[in-house]
Amino acid sequence: MACPSIAPGSAFLTGVLGYVDCQAQAIGQGGYQALAAPGSAVSLALTGLLTIFVALFGYRMIFGQTPDARDGVVAVVKLGVVLALATSWPAFRTLAYDVVLHGPAELAAGIGAPAGLPGSNGGLVTRLQGIDNGLAELQLLGTGKPDNADEIVGPTQPLTPQQQQEQYRKLQSLQQRPRWDPARDATMLSEARTLYLTGAIGAFAAVRMVGGLLLALGPLFALFLLFDTTRGLFEGWVRGLAGAALGALSTAIVLGVQLAVMEPWLIAILEQRRQNIPTPTVPVEMLVMTLVFVLTLVAALIAVARVAQGFRLPTAWRAAPQRLIESFRDRRDAVPQAIGHGPVDQRSRAFAVADAVAASQRRESAALPPPVAHLSYQGTTQAVTRDIPAAAAAVPLGQSYRRRTRGRVSAGASRRDRNA
C-alpha cells in the first residue's frame, strides 16, 4: 500500500495526518500477514508451542490426573482464540483491526453528534486544516497597531547626533503612551501555531502508530496466551490495543471541542484584521488557548492508558494452572501410600515421643487384672450379690503394685537349709 507523500506548500496538517493514518493501516495489515504466512518464524513457533501444550495435557492424563470439565473447556477456548488470532486474517480483522483503527471514529460520531461537536459526522481533519490556515493568515496580517500606542522600532543603522537627540525626545514623549511591539506579537502567534500543530499531529500520530505496530505483532502475542508464564505479555498486548483505541477516541473528542472553541473565534478575528481593526490581545489569548488544549490532550491520553491497565483475563483461566499444580502435588503425596508406606509424618520429634509415652500407658492400663467380686453376708444367710460392683477407689500413684519386703531366695538355698 503506497501512501501519498506530503507536498511542500500544500495543506500541511491534512497531509501529515493522512500519511500517518495510511502508514498505520499499512503496518497493521501488512505486518500481520507477513507474520501469519506459512513458513514464517511465528508460524513455526505456533506449531511447536501447540505441540508442547497438547503434550502437557497428555502427560497429565498418563499420571492419572484426568482434567475436569472446566479445564477442558478453558483449554479448548484458548486453542480456538490462539488459532483465530494467529492464523485467520478475517477473524483478526473483525476482532482487533477494525476495532482499533475504525471503531474510535464511529464512537466519536455517536458521542459528538448529540453534543454538536464539529467534525463528528466526518471532515474533522479538513476543519483542523482550516484552523491552521487561519493561524497562518493571522501571522501574515499581524495583530495591527493600536491607535493609542506607539510602535517600538529598533535602530537599523548608526544614528547621527541629531537623530539621537530626536530619538531621545521621542522616547520622552512615549513614556506617557502605551508601546506596541510587533515582533513580540509575531513571535507569540508563531508559538501558538506551533503548539496547535504539535498537539493535533502528536496525539493523532501516537495513538495510530502504536495501534498499527501492536496489530502487526498480533500473531506473536497470540502465542503467549497458551502458557501461564507468558500470559501477562498477552494481557499487556490487549491493554496496549485498548489504550490505542481509547486514545484515538479521546483525541477526536478533545480536538472536536477545540474546533468548537477556536473556529468561530478565529473567524471573527480574521474579519477584524481584514478590515484593518487592530487586535492587540489576540497573541496572548491564542498562545494560552493552544497550550491548554495540548495539556488536555496529554491528560486524556494518560487517563485512557490508566483505564486500559484494568484489563484482566477471566479468573478461570488463571486458576486452571494452579489446579493442575495442586493435582500433581496430591499425586506425589499419594505415591508413598500406594507402595505400602504410610504418610510421611512431618511432626517434630517431641510430638512423636509424647505419642509413644501415651501408647505405653494405654497398654499398661489394659494389662491390669479385673476387680474381684465381693460377697455380702446378712445374718446367717450368705448370698453373692449379682449387682454390678461400684467403681474402685482411685489408687494413689506408686501403690498400684505390692512392694517386695524381703529378699528373693532361690530353690537351691531352700534345700540346703532343710538338709542342715
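Please read these numbers as outputs of a predicted model, since none were measured by experiment.

1. Points about the packing of helix α2 (residues 41-62) against helix α3 (residues 69-87)
Here α2 crosses α3 at 175 degrees, and the two axes come no closer than 12 Å. Accordingly, the angle class assigned to the pair α2 and α3 is roughly antiparallel. Along the contact surface, α2 presents Leu 46, Leu 50, Phe 53, Phe 57 and Arg 60, while α3 presents Asp 71, Ala 75, Lys 78, Leu 79, Val 82, Leu 83, Ala 86 and Thr 87. A per-class count over the contact of α2 with α3 returns nine nonpolar, one polar and three charged.

2. Some details on helix α5 (residues 103-115)
For α5, with 13 residues, the first-to-last C-alpha span of 19 Å sits near the 18 Å given by 1.5 Å per residue. Packed against the buried residues of α5 are α4 (89-101) and α10 (231-274). Just downstream of α5, Gly 116 is the residue with a positive phi angle, here 75 degrees.

3. Focus: the packing of helix α8 (residues 182-216) against helix α11 (residues 282-308)
Running from N to C, α8 and α11 point in directions that differ by 20 degrees, and their axes come no closer than 8 Å. Looking at the two axes, α8 sits roughly parallel to α11. As for how α8 packs across α11, the hand of that crossing is left-handed. Listed contacts from α11 to Asp 185, Met 188, Leu 189, Glu 191, Ala 192, Leu 195, Tyr 196, Gly 199, Ala 200, Ala 203 and Val 207 of α8 are Val 282, Pro 283, Val 284, Met 286, Leu 287, Thr 290, Leu 291, Val 294, Leu 297 and Leu 301.

4. Focus on a nonpolar patch on the surface
Together, Ile 6, Phe 12 and Tyr 19 make up a nonpolar patch on the protein surface, roughly 260 Å² of accessible area in all. As for its placement among the helices and strands, Phe 12 is situated in helix α1 (residues 12-36). The partly exposed category is assigned to Phe 12, whose relative accessible area is 40%.

5. Observations regarding the pattern of salt bridges
Counted by the stated rule, this structure contains nine salt bridges. In this structure, Arg 193 engages Asp 132 in a salt bridge whose closest nitrogen and oxygen atoms are separated by 2.7 Å. Of the two residues, Arg 193 sits in helix α8 while Asp 132 sits in helix α6 (residues 124-141), which places them 61 residues apart along the sequence. With relative accessibility at 23%, the residue Arg 193 sits in the partly exposed group. Using a relative accessible area of 2% as the deciding quantity, one classes Asp 132 as buried. Salt bridges here are not isolated pairs; linked through shared partners, they connect Glu 137, Glu 271 and Arg 274.

About the thresholds
Residues numbered from 1 in each chain as written. Predicted model: local features only at pLDDT ≥ 70, side-chain atom pairs only at ≥ 80, totals over all residues. Heavy atoms only, no water. Axes fitted to C-alpha atoms, helices over the stretch in contact; angles between N-to-C directions. Helix = DSSP H or I, 4+ residues; strand = E, 2+ residues; numbered from the N terminus. Parallel < 35°, antiparallel > 145°, perpendicular 65-115°, else oblique. Contact = heavy atoms within 4.5 Å. Nonpolar A, V, L, I, M, F, W, Y, C, P; charged D, E, K, R; others polar. Expected span 1.5 Å × (residues − 1). Left-handed = near helix turned anticlockwise from the far one by under 90°. Patch = residues over 30% accessible without salt bridge, like charges linked within 9 Å, V, L, I, M, F, W, Y side chains within 5 Å. Areas by Shrake-Rupley, 256 points an atom, 1.4 Å probe, with all protein chains shown as cover. Salt bridge = Lys/Arg side-chain N within 4 Å of Asp/Glu carboxyl O. Buried < 20%, exposed > 50% of the residue type's maximum accessible area, 1.4 Å probe, protein only.

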